[in-house]
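# Residue-level structure breakdown
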Protein chains: 2
Amino acid sequence: MPATLFSDRLAETARSVEACLDGLLAANPAPGEIARPARLREAMRYALLGGGKRLRPALTREVARLFGRGDEGVTRAGAAIECLHGYSLVHDDLPAMDDDDLRRGRPTVHKAFDEATAILAGDALQTLAFDILADPATDADATIRAELVLGLARASGLGGMAGGQMLDLEAERAAPGEDGILVLQAMKTGALIRFSCEAGAILGGADAEARARIRRYGEIVGLAFQLADDLLDVTATPEAMGKATAKDAGRGKATLVSLYGIAATRARLDALVAEAEALLAPFGPAAATLADAARFVALRQS
Amino acid sequence: MPATLFSDRLAETARSVEACLDGLLAANPAPGEIARPARLREAMRYALLGGGKRLRPALTREVARLFGRGDEGVTRAGAAIECLHGYSLVHDDLPAMDDDDLRRGRPTVHKAFDEATAILAGDALQTLAFDILADPATDADATIRAELVLGLARASGLGGMAGGQMLDLEAERAAPGEDGILVLQAMKTGALIRFSCEAGAILGGADAEARARIRRYGEIVGLAFQLADDLLDVTATPEAMGKATAKDAGRGKATLVSLYGIAATRARLDALVAEAEALLAPFGPAAATLADAARFVALRQS
């Protein structure tokens, strides 16, 4: 298969996920809602619809496709994951957190709106993620919906993404060692990427063995994502990234790249790609796009 | 039935909900979680376990009891609602929002910890609410769990509580009229109180007619709660409330009390209690505690 395959799927996913998010953030209240305040809705749209690679929903889609599922429910699950991811970016950028002014080449939400609106937009985006997954439109089978909600919650709360951001803030005061950084990153970025993959297996009705294999694949992709991200913080320009770079070194923050060095980091990324390929081998040629996804994540330039 | 009945149930609920929350916020990660950072967990415990009347879980319990259900699942659903409520208090108290230093007679979370930790504790408490509801321990029936998640999401996001807080912030700049205040309050405080009642009906398997009735009862209790709250902001001392009072007038903020006056507000509260009693009449004497709950909420002194 050609090396561009996953990036084609990314573009396809971006279109369908953005159309889905656009519909979910329409002006009319959903059943059970009272009204949708315009300013908050605009801030949520600004946070969600301003680009982004849609890597996570593309992983969900490719895994679901592997198990023969490729409908609107998969797009909705991907949209829910983007809401959760978007919420975390909005809150991480806040002055009390990472204090970033730029995200995807545009002012961050608290800069474009104000701090209170950014806090609420993040809050409401988190809620929307669970709303989407629990809605019968995502899957007629309530067991699948409840499983998706629980999986996302475990990936995002105290023992996942929010906990990882807490560890990241603490890491600026007391630098963790390699093991500490690995736990931090597994929580802060790894857990949601892993769940993005697992969600496709849940939606596709994968058996326990296949699901465990996809879960491990998701862990590897998450690790590769973060290693590549740390590498880009050292090697890329702010223009290529659409956000500030050299932030980790500027804050004296230890990353795996600062521990391993650039060459050894690249070697580790290659090893992770090989591990992903080996994990996918039992699925045969149908998993070629997922193997390409691992390469895409590990070798990306922005 | 004696007038103290609902307050007795409140005390009972507080004990069971706090034991449940204590267990949910233990040090050991839940399945699917990676680790639980101590500082974040402590901030979540501080926010959740520092008192509070547990009014919302007590409503859930009394409604569930009306439909013959009174088990651990009901306590868990109440604990989930307290997590959602607790998250909203932590975020509402933030400097960028209402900037409050005192809550339930103690320093607010961002004062006792710091702002970043308070943002993350609120975020993780919101996640925990959905986590609890989606977990099979709350109900073996996934349809009920998914319905609870969706109901809570609709009550808490853009078209509910978060949206209501947005309107409340905007109300400080441009005072809304009576209709605007009613929408604001229905979203900011009403939606979660209404859902607290409806959750009991969902868990108890109430039919559509009974559920609609309970939903309307919940709306009335929510309205009474807010009217009583606005009244107490004018008439009570900070010591009795465990938080600052006279805040609305101090900010020149319009409330229903400032529109109606104190005497007319008291008359409206009486009318709401009568309406709640009429709604509950078809359920017979089994609903006496719920009628008492409406009186308790409307006539409370703190």
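Structure first, text after, so check above.
Let me begin by describing the structure that accompanies this report.

Rules used throughout
Residues numbered from 1 in each chain as written. Chains lettered and ligands numbered in written order. Predicted model: local features only at pLDDT ≥ 70, side-chain atom pairs only at ≥ 80, totals over all residues. Heavy atoms only, no water. Axes fitted to C-alpha atoms, helices over the stretch in contact; angles between N-to-C directions. Helix = DSSP H or I, 4+ residues; strand = E, 2+ residues; numbered from the N terminus. Parallel < 35°, antiparallel > 145°, perpendicular 65-115°, else oblique. Contact = heavy atoms within 4.5 Å. Buried area = accessible area lost by both parts, 1.4 Å probe. Salt bridge = Lys/Arg side-chain N within 4 Å of Asp/Glu carboxyl O. Polar contact = N/O pair within 3.5 Å; in protein donor to acceptor, adjacent residues only side chain to side chain. Disulfide = S-S within 2.5 Å. Least-squares fit on C-alpha atoms with pLDDT ≥ 70 in both. Phe/Tyr/Trp six-rings, centres within 6.5 Å; stacked < 30°, edge-to-face > 60°. Buried < 20%, exposed > 50% of the residue type's maximum accessible area, 1.4 Å probe, protein only.

### Brief notes about the packing of helix H2 (residues 38–48) of chain A against helix H6 (residues 115–134) of chain A
All names here are of chain A. Between H2 and H6, whose axes approach to 9 Å, the crossing angle comes to 75°. On the basis of their axis angle, the class for H2 and H6 is roughly perpendicular. For the pair formed by H2 and H6, the contact residues are Arg-39, Leu-40, Ala-43, Met-44, Ala-47 and Leu-48 on the first element and Thr-117, Leu-120, Ala-121, Ala-124, Leu-125 and Leu-128 on the second.

### Looking at the interface of chain B and chain A
With 57 residues of chain B at the contact, the number on the chain A side is 57 residues. Contact with chain A buries surface across chain B, with Ile-34, Arg-154 and Leu-158 of chain B losing the most and accounting together for 17% of the total. The interface formed by chain B and chain A holds four salt bridges in total. One salt bridge in this structure joins Arg-154 of chain B and Asp-131 of chain A, with 2.9 Å as the shortest N-O distance. At the boundary of chain B with chain A, the tally comes to 18 residue pairs in polar contact (both at pLDDT 80 or more). Elements represented by at least two residues in the side of chain B that touches chain A include exactly helix H2 (38–48), helix H4 (72–92), helix H6 (115–134), helix H7 (142–156), helix H8 (161–171) and helix H9 (178–203) of chain B. When residues of the side of chain B that touches chain A are assigned to their parent elements, the largest contribution, twelve residues, is made by H6 of chain B.

### Topic: the pattern of salt bridges
The full count for this structure, using the stated rule, is 52 salt bridges over all chains. Several salt bridges converge on common partners, so that one network encompasses Arg-9, Glu-12, Arg-61, Glu-62 and Arg-65 of chain A.

### Regarding the state of the cysteines
Counted according to the given criterion, the structure contains zero disulfides over all chains. Counting only cysteine sulfurs, Cys-20 of chain A is the nearest neighbor of Cys-83 of chain A, a cysteine outside any disulfide, at a range of 8.3 Å.

### Focus on the relation of the copies chain B and chain A
With an RMSD of 0.0 Å, chain B superimposes on chain A once it is rotated by 180° and translated 0.0 Å along the axis. Taken together, the rotation and translation describe the operation of a two-fold axis. Of all interface residues in chain B, 100% are interface residues in chain A too; the two copies therefore contact each other through one and the same surface.

### Let's talk about the packing of aromatic side chains
Per the counting criterion, the structure on display carries seven aromatic pairs over all chains. Taking the centre distance of 5.6 Å and the plane angle of 75° together, the rings of Tyr-46 of chain A and Phe-113 of chain A count as edge-to-face. Taken together, the positions of Tyr-46 of chain A in helix H2 and Phe-113 of chain A in the loop between helix H5 (109–112) and H6 put the pair 67 residues apart, joining distant regions of the chain. Look at Phe-113 of chain A and you get buried, because its relative accessible area is 19%. Taking 4.8 Å as the distance between ring centres and 20° as the angle between the ring planes, the aromatic pair formed by Phe-130 of chain A and Phe-130 of chain B counts as stacked.

### So, the side chain of Glu-33 of chain A
Mapped onto the elements, Glu-33 of chain A comes out in the loop between helix H1 (5–24) and H2. On the basis of relative accessibility, which here comes to 13%, the residue Glu-33 of chain A falls in the buried class. If we ignore the near neighbours within four places in the chain, the residues touching Glu-33 of chain A are Arg-154 and Gly-159 of chain B.

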